[in-house]
Amino acid sequence: AQTVTQSQPEMSVQEAETVTLSCTYDTSENNYYLFWYKQPPSRQMILVIRQEAYKQQNATENRFSVNFQKAAKSFSLKISDSQLGDTAMYFCASLYSGAGSYQLTFGKGTKLSVIP
Amino acid sequence: GAVVSQHPSRVICKSGTSVKIECRSLDFQATTMFWYRQFPKQSLMLMATSNEGSKATYEQGVEKDKFLINHASLTLSTLTVTSAHPEDSSFYICSARRWGGGHSYEQYFGPGTRLTVT
């Protein structure tokens, strides 16, 4: 079974500053995918960024980037130029084929507050 | 693109009644849909996985006779909570997977349904 660990239950950052959210995972698979999802107060889950494990290059999406360290099984999310709208729960997730079914495994989440 | 709708957004029902929640992928075909339950300030818990035209696969501990899932088409899945009780009150989220075409198993989520059983 896969596990995803987010060790920071809550974090805060000043508007316009940079913040990094940590995530580690445990898998014996070679082929898997990693994701960061955002859940704002509306509770709508939004895909922020994804990373294929076979790709060495770190994924980036505008102000969001990841630091993927495959050997260390680490997948941190960096948010640059933080905005008030970034306030949300952030969930790290992994996806792999288990028993023939691809299932997302979520971490417990990190609550991020952007302070004006 | 990749929008998933869920209806209703909120529902209140009396104990012992059944309630149906619909999940639709609006602009893509979803061969696989998922139903999650989320308790306050917690992560998402997978309840079941459904493939179009097949019976749903339920996670351990989830009662399949209580949580009926139907995935009748490539764009619609329904979750029916039968004989609901107050302990079934929760936030239910559906998700649809868009397969292939360079989308690398991306999964998109509906806005959720708040179920309150009185």
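Now for a description of the structure that goes with this document. Since we're looking at a predicted model, the values are computed, not measured. (Residues numbered from 1 in each chain as written. Chains lettered and ligands numbered in written order. Predicted model: local features only at pLDDT ≥ 70, side-chain atom pairs only at ≥ 80, totals over all residues. Heavy atoms only, no water.)

### Things to note about the state of the cysteines
Stated precisely, the cut-off is as follows: Cysteine sulfurs are considered disulfide-paired once they come within 2.5 Å of each other. Under the DSSP-based scheme used, a helix requires at least four consecutive residues in state H or I and a strand at least two consecutive residues in state E, with every element numbered from the N terminus. Exposed residues in this analysis have more than 50% of their type's maximum accessible area, buried residues have under 20%, and partly exposed residues fall in between, with area computed by a 1.4 Å probe over protein chains only.
All told, the structure shown has two disulfides over all chains when counted by the stated rule. Put simply, Cys23(A) and Cys92(A) are joined by a disulfide, and their sulfur atoms are 2.0 Å apart. Its torsion about the S-S bond being -70 degrees, the disulfide of Cys23(A) and Cys92(A) is classed as left-handed. In this pair, Cys23(A) sits in the loop between strand E3 (19-21) and strand E4 (24-26) while Cys92(A) sits in strand E10 (residues 88-98), placing the two residues 69 residues apart along the sequence. We classify Cys23(A) as buried; its relative accessible area is 2%. Overall, Cys92(A) belongs to the buried group, its relative accessible area being 0%. Bridging Cys23(B) to Cys94(B), the disulfide has an S-S length of 2.0 Å.

### Quick notes on the interface of chain A and chain B
Keep this limit in mind: Whether two residues are in contact is decided by their heavy atoms, any of which lying within 4.5 Å being enough. For any pair of parts, buried area is found by adding up, for both, the accessible area (1.4 Å probe) each one loses once the two are put together. Here a salt bridge means any side-chain nitrogen of Lys or Arg lying within 4 Å of a carboxyl oxygen belonging to Asp or Glu. Note that Gly is not counted as nonpolar here; it falls among the polar residues with everything else outside the nonpolar set of Ala, Val, Leu, Ile, Met, Phe, Trp, Tyr, Cys and Pro and the charged set of Asp, Glu, Lys and Arg.
The interface is formed by 20 residues belonging to chain A together with 25 residues belonging to chain B. Summed over both sides, the interface between chain A and chain B buries roughly 1800 Å², with carbon and sulfur atoms accounting for 52% of that surface. Applying the counting criterion to the chain A and chain B interface returns zero salt bridges. When residues of the side of chain A that touches chain B are traced back to their parent elements, those giving at least two are strand E5 (33-39), strand E6 (46-52), E10 and strand E11 (101-106) of chain A. Of the residues assigned to the side of chain A that touches chain B, the class counts are 10 nonpolar, six polar and four charged.

### Observations regarding the pattern of salt bridges
Residues and elements named next belong to chain A. According to the stated counting rule, one finds six salt bridges over all chains in the structure shown. Among the salt bridges present, the one from Lys55 reaches Glu52, with a minimum N-O distance of 3.9 Å. The exposure class assigned to Lys55 is partly exposed, which follows from its relative accessible area of 39%. Through salt bridges that share partners, Arg50, Glu52 and Lys55 make up one connected network.

### Focus: the nonpolar core
All names here are of chain B. Where we set the bar: Think of a nonpolar core as a cluster: buried Ala, Val, Leu, Ile, Met, Phe, Trp, Tyr and Cys residues, connected wherever their side-chain atoms sit within 4.5 Å.
The biggest cluster of nonpolar side chains holds 26 residues, and the ones touching the most others in it are Leu79 and Leu115. Secondary structure elements with two or more residues in this core: strand E2 (10-13), strand E3 (19-25), strand E4 (32-38), strand E5 (44-51), strand E7 (67-73), strand E8 (76-81), strand E9 (90-97) and strand E11 (113-117). Residue contacts for Leu79: discarding those within four places in its chain leaves Val19, Lys20, Ile21, Trp35, Phe67, Leu68, Ile69 and Tyr92.

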